[in-house]
Amino acid sequence: MIKSIALDLDGTLLNSKKEITDKNMFILRELYKKGIEIFVVTGRSYSATKKIIEKLSLPIIVICYNGAKVIDTKNDNILLEEPLSEEIVKILIKISRKNCVHLNLYQDESWFVENKNNWQTEYYKKNIGIDAIEKNFDSFINFFMTKALFIDERYRLEEIEKEVEDKLGDIVHMTYSQERYLEVLNKKINKGKSLEKILQLKGLSLDTCVAFGDANNDKEMIEMVGCGVAMENGEEDLKKIATYITNSND
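Computed from a predicted model, the values in this text were never measured in an experiment.

(A) Structural detail: the overall build of the chain. For the chain, the helix and strand inventory stands at eight helices and 14 strands. Over its C-alpha trace the chain gives a radius of gyration of 17 Å, about what one expects of a compact globule, namely 18 Å for 250 residues. Reported as C-alpha extents along the three principal axes, the dimensions of the chain are approximately 50 × 40 × 35 Å. Within the chain, contacts between residues at least 6 apart in sequence are counted, and of these 55% link residues at least 24 apart. A total accessible area of about 11900 Å² is found for the chain, and carbon and sulfur atoms account for 48% of it.

If you want it as structure tokens, here you go:
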């Protein structure tokens, strides 16, 4: 019996126009009325998610930053947060500068970059709908970050991935949330682990949860739940491990 539903946003619940369709909003509200818990599980920050959730008009829990921060939208209470350490963030900054690869940093619901005038910042801004704060990363008072995100062409990100692996080994979790996004997170978390913790908090189990996703960062969540559903527009590796493949996000 299904007792909860976990939904990724970009490429899944959101269509190509970055909108939730009226049909999907109606279905989710009807499920909520029947006692089904609805969770949004996204790589986005809470600030880039909140307006979307407000359209649903449901008091749901949002798992943001690929699991690094979990917020109850009824009162904006933080239920879980596992940031990157200062030592790790300083190493990521050095790697970014050495390789001239763009890096996003996230702290206190703000998105920081060292250069706003590049295609990477514009590309991300267009996808997410919020604006960056330009800042010399050396000027942070503290370097604890909710997550870090490298943005570039995939072949360049694969080079960065190897260097991060060499320098930080297994003390971080890396995942591709989109073709040009390489996410770096606290090793303790991913979408699946954080979803499991929140389900336990709600007295629910993974076995009675259905999760929908499209990208590599949805892998753990899709594997862990009772029923994992991959989008038709999703990555082929995700489709291979899913219980079902549904239609595209459009």
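(B) Seen up close, the sheet that holds strand β14 (residues 244-245). Strand order in the open sheet formed by eight strands is β5-β4-β3-β2-β1-β12-β13-β14, with mixed pairing between adjacent strands. In this open sheet, the two edge strands, each paired with only one partner strand, are β5 (77-81) and β14. Where strand β3 (residues 61-64) meets strand β4 (residues 69-72), four bridges bridge the pair, whose relative direction is antiparallel. Following the sheet pairing, V62 is matched in β4 by I71.

(C) Region of interest: the packing of helix α3 (residues 86-99) against helix α5 (residues 154-168). Contact geometry for α3 and α5: axes closest at 11 Å, N-to-C directions at 140°. Judged by the inter-axis angle, α3 sits oblique to α5. In this structure, α3 crosses over α5, and the sense of that crossing is right-handed. Two secondary-structure elements touch here, α3 through I88, I91, L92, I95, K98 and N99 and α5 through R156, I160, E163, V164, K167 and L168. Residues belonging to the contact of α3 with α5 are distributed by class as follows: seven nonpolar, one polar and four charged.

(D) Examining the state of the cysteines more closely. Evaluated as defined, the whole model comprises zero disulfides. Here C64 is not cross-linked by a disulfide; its sulfur's nearest cysteine counterpart is in C209, at 16 Å. Since its relative accessible area comes to 0%, C64 is described here as buried. Considering cysteine sulfurs only, C209 is the nearest to C227, which forms no disulfide, with 9.2 Å between them.

(E) Region of interest: the environment of N247. Counting through the fold element by element, N247 comes out in the segment after β14. With 112 residues separating them in the primary sequence, N247 and K135 have C-alpha atoms 41 Å apart.

Procedures and definitions
- Residues numbered from 1 in each chain as written.
- Predicted model: local features only at pLDDT ≥ 70, side-chain atom pairs only at ≥ 80, totals over all residues.
- Heavy atoms only, no water.
- Helix = DSSP H or I, 4+ residues; strand = E, 2+ residues; numbered from the N terminus.
- Rg over C-alpha atoms; globule rule 2.2 N^0.38 Å.
- Contact = heavy atoms within 4.5 Å.
- Areas by Shrake-Rupley, 256 points an atom, 1.4 Å probe, with all protein chains shown as cover.
- Pairing = 2+ DSSP bridges.
- Axes fitted to C-alpha atoms, helices over the stretch in contact; angles between N-to-C directions.
- Parallel < 35°, antiparallel > 145°, perpendicular 65-115°, else oblique.
- Left-handed = near helix turned anticlockwise from the far one by under 90°.
- Nonpolar A, V, L, I, M, F, W, Y, C, P; charged D, E, K, R; others polar.
- Disulfide = S-S within 2.5 Å.
- Buried < 20%, exposed > 50% of the residue type's maximum accessible area, 1.4 Å probe, protein only.

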